[in-house]
Amino acid sequence: MNIENAEKKIFENGYLNLEVDPSLDLFAEIEKLKKEKNAIVLAHFYQEPDIQDIADYIGDSLGLAQKAQSTNADMIVFAGVHFMAETAKILNPSKKVLLPDLNAGCSLADSAPRDLFKAFKEKHSDHLVISYINCSADIKALSDIICTSSNAEAIINSVPAHQPILFAPDKNLGAYLNKKTGRNMLLWNGACMVHEIFSLEKITKLKIRHPEAQVIAHPECEEAILRISDFVGSTTQILKYAVASSCTTFIVATETGILHQMQKDAPNKTFIPAPPTNNCACNDCPHMKLNTLEKLYLCMKYELPEILMDENLRIASKKPIDSMLEISRAAGLIG
């Protein structure tokens, strides 16, 4: 298959829609391609278990950003969503950055369109803009500092108390941080479709059936869910908490992909996915789950789809990420 035909297929589908020989050992083939191409596979905790198992590094947004910045690989294959691959490209302009499926977007990132956000920022021009990393490069370029759920509190506390802050795009995370820090940040009205769908009623009933269980939640959840939670933190933080805790049963209010690592790291503990308001038994991100082992293999083999970016946009969006990493290092959050 030539490159022109491959690019045409990506234009039509967002990914390489090709048949994969079912007799192939995809784990072995991907490992072979890593060595041949000096490639690294970065994966978010919300990816399917096979992708997590083949990845060179699994983490949350802060860890992934740090790993993307420090890698010596020539090619970065990002098993995640579009804004994550964009961030890797922002930090690595000379490296080839691939995303198995360009359709892997983010409902939270989509909730902050550039033009509307730019007008909102201009209306509040005296505010410092802190944006959650779950946003597009366009929004990063309009921001002063980027944060993740792991470092957001430290980022906000680094800003003088008299300085007004505009926080985007997640209103739930922003409201949680206002309570944690005592600030009164102006919040953009965005949210994650996955974390907003948890059912307080169903979780309460589940808690009655499992009185020994602790509820652990991501701060992108709505306030009612956070209020009944025993621990609130980023994906990495709730994973570490679950492993270290003396509790043996947890109701987990975040995307179900994290349960794979939880079960690997604490095989003798029970992890129950928090039920959503719909009729599904679990709570999956449809964007994260677009990536498959087959797409990952084809992506590495043909080195497509590739993330490309205007250099001016890359430079503008890198500045607030650099600020985030600098503050995180000063706070001892990263090495």
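Scroll up to find the structure this text is about.
Residues numbered from 1 in each chain as written. Predicted model: local features only at pLDDT ≥ 70, side-chain atom pairs only at ≥ 80, totals over all residues. Heavy atoms only, no water.

Which parts of the structure should I look at to understand the sheet that holds strand β2 (residues 57–59)?
Where strands meet in a sheet, backbone hydrogen bonds hold them as pairs that are either parallel or antiparallel. On the basis of which strands lie adjacent, the open sheet formed by 4 strands has the order β2-β1-β3-β4 and parallel pairing. Of all the strands in the sheet, just β2 and β4 (96–98) have a single pairing partner and so form its edges. For this sheet, the mean angle separating the axes of adjacent strands, direction not counted, is 20 degrees. Packing of helix α5 (residues 82–91) onto the sheet brings it into contact with β1 (39–44), β3 (75–79) and β4, and relative to β3 it is tilted by some 160 degrees. (Pairing = 2+ DSSP bridges. Helix = DSSP H or I, 4+ residues; strand = E, 2+ residues; numbered from the N terminus. Axes fitted to C-alpha atoms, helices over the stretch in contact; angles between N-to-C directions. Contact = heavy atoms within 4.5 Å.)

How should the packing of aromatic side chains be read in this particular structure?
We describe a pair of aromatic rings using the distance from one ring centre to the other and the angle between the two ring planes. Applying the stated criterion across every chain yields a total of 5 aromatic pairs. Each ring, one from Phe 117 and one from Trp 188, has its centre 5.4 Å from the other, and the planes form 70 degrees; the classification is edge-to-face. One end of the pair, Phe 117, is in helix α7 (residues 114–123); the other, Trp 188, is in the loop between β8 (186–187) and α11 (200–209), and 71 residues separate them in sequence. Across this residue pair, the class does not change: Phe 117 and Trp 188 are buried. Aromatic ring contacts, followed pair by pair, group Phe 231, Tyr 241, Phe 250 and Phe 271 into a single cluster. In this structure, Lys 295 is placed above the aromatic ring of Tyr 15, and the distance from its NZ or CZ to the ring centre is 4.1 Å. (Phe/Tyr/Trp six-rings, centres within 6.5 Å; stacked < 30°, edge-to-face > 60°. Buried < 20%, exposed > 50% of the residue type's maximum accessible area, 1.4 Å probe, protein only. Lys NZ or Arg CZ within 6 Å of the ring centre and 35° of its normal.)

When you look at the sheet that holds strand β10 (residues 231–232) in this model, what are you seeing that I'm missing?
In spatial order, the strands read β10-β9-β11-β12; together these 4 strands make up an open sheet with parallel pairing. Edge positions in the sheet fall to β10 and β12 (270–273), since each of these pairs with one other strand and no more. Two strands pair when backbone bridges link them, and strand β9 (residues 214–217) and strand β11 (residues 249–253) are joined in this way by 4 bridges, in the parallel orientation. Note that in β11 the partner of Ala 217 across the bridge is Ala 253. The strands touched by helix α13 (residues 235–244) within the sheet are β9, β10, β11 and β12, with β9 carrying the most contacts at an inclination of about 155 degrees.

Could you clarify how one ought to interpret the side chain of Thr 148 in this entry?
Within the secondary structure, Thr 148 sits in the loop between β6 (145–147) and α9 (152–157). A distance of 3.1 Å separates the side chain of Thr 148 from the backbone nitrogen of Ser 150, its partner in a polar contact. (Polar contact = N/O pair within 3.5 Å; in protein donor to acceptor, adjacent residues only side chain to side chain.)

Just to check I follow, could you spell out the state of the cysteines for this structure?
As used in these notes, a disulfide is a covalent bond between sulfur atoms, one from each of two cysteines. Scanning all chains against the criterion turns up 0 disulfides. The thiol of Cys 147 is not disulfide-bonded; the next cysteine sulfur, from Cys 135, is found 8.9 Å away. (Disulfide = S-S within 2.5 Å.)

Would you mind going over the environment of Thr 71 with me for this structure?
Along the chain, Thr 71 turns up in the loop between α4 (61–70) and β3. Expressed as a C-alpha distance, the spacing of Thr 71 and His 44, which sit 27 residues apart in the sequence, is 16 Å. Leave out the neighbours within four places in its chain, and Thr 71 touches Ile 40, Ile 76, Asn 92 and Lys 95. Of note is the side chain of Thr 71, whose polar atom sits 3.1 Å from the backbone nitrogen of Ala 73.

Can you help me understand the nonpolar core in this one?
Judged by nonpolar contacts, the single largest core of 77 residues is most densely connected at Ile 130, Met 262 and Met 324. In terms of residue count, α5 provides more of this core than any other element does, 6 residues in total. Leaving out residues up to four positions away in the same chain, Ile 130 has contacts with Ile 145, Cys 147, Ile 155, Ile 156, Val 159, Ile 165, Leu 166, Phe 167 and Ala 168. (Core = buried A, V, L, I, M, F, W, Y, C linked by side-chain atoms within 4.5 Å.)

Would you mind going over empty space enclosed by the protein with me for this structure?
To find the voids left in a structure, one rolls a probe of water-molecule size over its atoms. Summed over the entire model, instances satisfying the criterion amount to 2 cavities of 30 Å³ or more. Around the largest cavity sit 27 residues that line it, and His 44, Tyr 46, Asn 134, Glu 220 and Met 288 are the ones nearest its centre. A class-by-class count of the residues in the lining of the largest cavity yields 13 nonpolar, 11 polar and 3 charged. Taken as a whole, the second largest cavity holds about 70 Å³ of empty space. Considering the residues around the second largest cavity, the lining is formed by Ser 61, Leu 64, Ala 65, Ala 68, Phe 78, Phe 83, Met 84, Thr 87, Ala 88, Leu 91 and Ile 133. Elements supplying a minimum of two residues to the lining of the second largest cavity: α4 and α5. Tallying contributions element by element places α5 first for the lining of the second largest cavity, with 5 residues. (1 Å grid on protein atoms, 1.4 Å probe; cavity = no way out; pocket = protein on both sides within 12 Å on 5 of 7 lines; lining within 4 Å. Points joined across faces, edges and corners; volume = space filled by probe spheres on them. Nonpolar A, V, L, I, M, F, W, Y, C, P; charged D, E, K, R; others polar.)

What am I meant to see in the pairing of β1 here?
Where a strand is regular, its side chains alternate between the two sheet faces. A large share of β1 lies buried, amounting to 6 of its 6 residues. Side chains of β1 alternate between two faces, with Ala 39, Val 41 and Ala 43 and Ile 40, Leu 42 and His 44 buried alike. Pairing of β1 with β3 involves 5 bridges; the strand directions are parallel. Residue Leu 42 lies in a different strand from β3, and its bridge partner there is Phe 78. The pairing of β1 with β2 spans 3 bridges and is parallel. Residue pairing for β2: Ala 43 is matched across the bridge by Ile 58.

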